[in-house]
Amino acid sequence: MLHSFMLTLYHVFLPISLPVIAGLLLKRFKNWDTRPLSTFSLYILSPALIFDTLLHAEITWTDVTSTLWFSIINLIALWLLAELLSRVFKLEASEKAGLTLVSTFTNCVNYGLPLVLLAFGQLGLDKASVYVIGQMIIVNTVGIFFAARSEFTVQKAMLSVFRMPSIYAATIAILLRTSDLRLPEALDGGISLIATGYAPVVLAILGAQMLRPRGSTEPWPSNVHRAFWTGLVVRLAAAPVLSYLILRALQVEGTLFSVLLILSSMPTAVNAVILAEQFNASPQFVSRCILWTTVASMGILPIMIVMVS
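Residues numbered from 1 in each chain as written. Predicted model: local features only at pLDDT ≥ 70, side-chain atom pairs only at ≥ 80, totals over all residues. Heavy atoms only, no water.

1. Let's talk about the overall build of the chain
And then number 1: Secondary structure assignment for the chain yields 14 helices and zero strands.
And then number 2: What you see in the chain, going N to C, is helices and strands ordered as α-α-α-α-α-α-α-α-α-α-α-α-α-α.
And then number 3: Computed over its C-alpha atoms, the radius of gyration of the chain comes to 19 Å, within 12% of the 19 Å expected for a compact globule of 309 residues.
And then number 4: By principal-axis analysis of the C-alpha atoms, the chain measures approximately 55 × 45 × 40 Å.
And then number 5: Summing over all exposed atoms, the chain offers an accessible surface of approximately 14,500 Å²; the carbon and sulfur share of this is 68%. (Helix = DSSP H or I, 4+ residues; strand = E, 2+ residues; numbered from the N terminus. Rg over C-alpha atoms; globule rule 2.2 N^0.38 Å. Areas by Shrake-Rupley, 256 points an atom, 1.4 Å probe, with all protein chains shown as cover.)

Laid out in structure tokens, this is it:
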């Protein structure tokens, strides 16, 4: 177990930490404004990543149905839990939207895929690709709806989903794949090049969001503190338990069970802070949850991997 723990730190956390530290330093010494780059990521990098992944991933259809049902049921369960806790703790609209993002979306791409490959090999990575592709689509559609509710009505929030290019990128990629059409090599390569910029950019934005703005010495309001601690408990404790129960109910077994349980128990998704920043869904609280769930996962996930293995 100690050996697996040290390998995870070296192969996953060290590469991830570099762009995070870079973003943190830019914010600290240059007072970096991340909002323009967040817009670039949301409208350019994210659609390119979704398109490129859907077009080229080696997806096996054997476990697609189980993965799809698990993704939908798990998303609904966590959303209902976030809604319930928001009402119990009387959170404001922005904190409610932020708590929903923290509770429902995990860092299964930048952090989850390397971890799964390390723990379960190529078989695990193949099974993970189905879940990850679904999550990328969900985050960039349903996630935008969750985040936008902090500023808009339900109707306007729903319309904002269809203003995002990610949903159209996914649709085009699926149509190309099912029709066996091929993009020109140069165009395909250009999109892949853009997609490679996604991870370092969003991780740098995360690093910048970990610092409070300069001159900000005021403590968080009590409702933000409540949202923060609630988000930590949901993501670190409630989410793994719910995922385990749902997987058992669906009778998912073997490597697919292990992979889905680990991916759904990952820390909060890095791109949650991009959505929170874009739609004013309490980005400071969301970024702190990403930080502390990621730190806590360094001790929790290796234990879970040993247990499911």
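2. Examining the environment of Val259
And then number 1: Following the sequence through the fold, Val259 ends up in helix H12 (residues 254-264).
And then number 2: With a relative accessible area of 0%, Val259 lands in the buried category.
And then number 3: Along the sequence, Val259 and Leu117 sit 142 residues apart, while their C-alpha atoms lie 9.8 Å from each other. (Buried < 20%, exposed > 50% of the residue type's maximum accessible area, 1.4 Å probe, protein only.)

3. Observations concerning the side chain of Lys127
And then number 1: Within the secondary structure layout, Lys127 lies in helix H5 (residues 112-139).
And then number 2: Among all residues touching Lys127, those that are not within four sequence positions of it are Asp63, Thr255 and Leu256. (Contact = heavy atoms within 4.5 Å.)

4. Digging into the side chain of Ser38
And then number 1: Mapped onto the secondary structure, Ser38 falls in helix H2 (residues 35-56).
And then number 2: When sequence neighbours within four positions are dropped, the list of residues in contact with Ser38 reads Ile205, Ile274, Glu277 and Gln278.

5. A few points about the packing of H2 against helix H10 (residues 198-209)
And then number 1: It is at 10 Å that the axes of H2 and H10 come closest, and there the two elements cross at 150°. Between H2 and H10, the angle is such that the two are roughly antiparallel. As for the relative orientation of H2 and H10, their crossing is left-handed in sense. Contact residues: Leu37, Ser38, Ser41, Leu45, Ser46 and Leu49 in H2; Tyr198, Val201, Val202 and Ile205 in H10.
And then number 2: Tallied by class, residues from the contact of H2 with H10 come to seven nonpolar, three polar and no charged. (Axes fitted to C-alpha atoms, helices over the stretch in contact; angles between N-to-C directions. Parallel < 35°, antiparallel > 145°, perpendicular 65-115°, else oblique. Left-handed = near helix turned anticlockwise from the far one by under 90°. Nonpolar A, V, L, I, M, F, W, Y, C, P; charged D, E, K, R; others polar.)

6. Digging into the state of the cysteines
And then number 1: By the definition in use, this model includes zero disulfides.
And then number 2: Here Cys108 stays free of any disulfide, with the sulfur of Cys289 as its closest cysteine sulfur at 18 Å.
And then number 3: A residue is classified by how much of its surface remains accessible, and Cys289, at 0% relative accessible area, is buried. (Disulfide = S-S within 2.5 Å.)

7. Brief notes about empty space enclosed by the protein
And then number 1: Applying the stated criterion to the full structure yields four cavities of 30 Å³ or more.
And then number 2: Within this model, the largest cavity holds a volume of roughly 120 Å³.
And then number 3: Around the largest cavity, the lining is made up of 17 residues, and of these Thr106, Val109, Met136, Tyr198 and Asn271 lie nearest the centre.
And then number 4: Mapped by element, the contributors of at least two residues to the lining of the largest cavity are H2 and H5.
And then number 5: At four residues, H5 tops the list of elements feeding residues into the lining of the largest cavity.
And then number 6: Across the lining of the largest cavity, the residue classes tally to ten nonpolar, seven polar and no charged.
And then number 7: One number sums up the size of the second largest cavity: a volume of about 60 Å³.
And then number 8: Taken together, the elements giving at least two residues each to the lining of the second largest cavity come down to helix H3 (64-88) and H5.
And then number 9: Here the lining of the second largest cavity gets four residues from one element, more than from any other, and that element is H3. (1 Å grid on protein atoms, 1.4 Å probe; cavity = no way out; pocket = protein on both sides within 12 Å on 5 of 7 lines; lining within 4 Å. Points joined across faces, edges and corners; volume = space filled by probe spheres on them.)

8. Considerations on the pattern of salt bridges
Think of it this way: side chains of opposite charge can pair up when their charged atoms draw near.
And then number 1: The full count for this structure, using the stated rule, is one salt bridge.
And then number 2: Residue Lys96 is joined to Glu83 by a salt bridge in which the shortest nitrogen-to-oxygen separation is 3.2 Å. Note that Lys96 is positioned in helix H4 (residues 93-104) and Glu83 in helix H3, a separation of 13 residues in sequence. (Salt bridge = Lys/Arg side-chain N within 4 Å of Asp/Glu carboxyl O.)

9. Examining the environment of Pro165
And then number 1: As for its position among the elements, Pro165 is in the loop between helix H7 (154-161) and helix H8 (166-179).
And then number 2: In the structure, Pro165 is positioned 66 residues away from Leu99 in sequence and 25 Å away in space, judged by C-alpha atoms.
And then number 3: For Pro165, the contacting residues outside a window of four places in its chain are Leu42, Tyr43 and Pro47.

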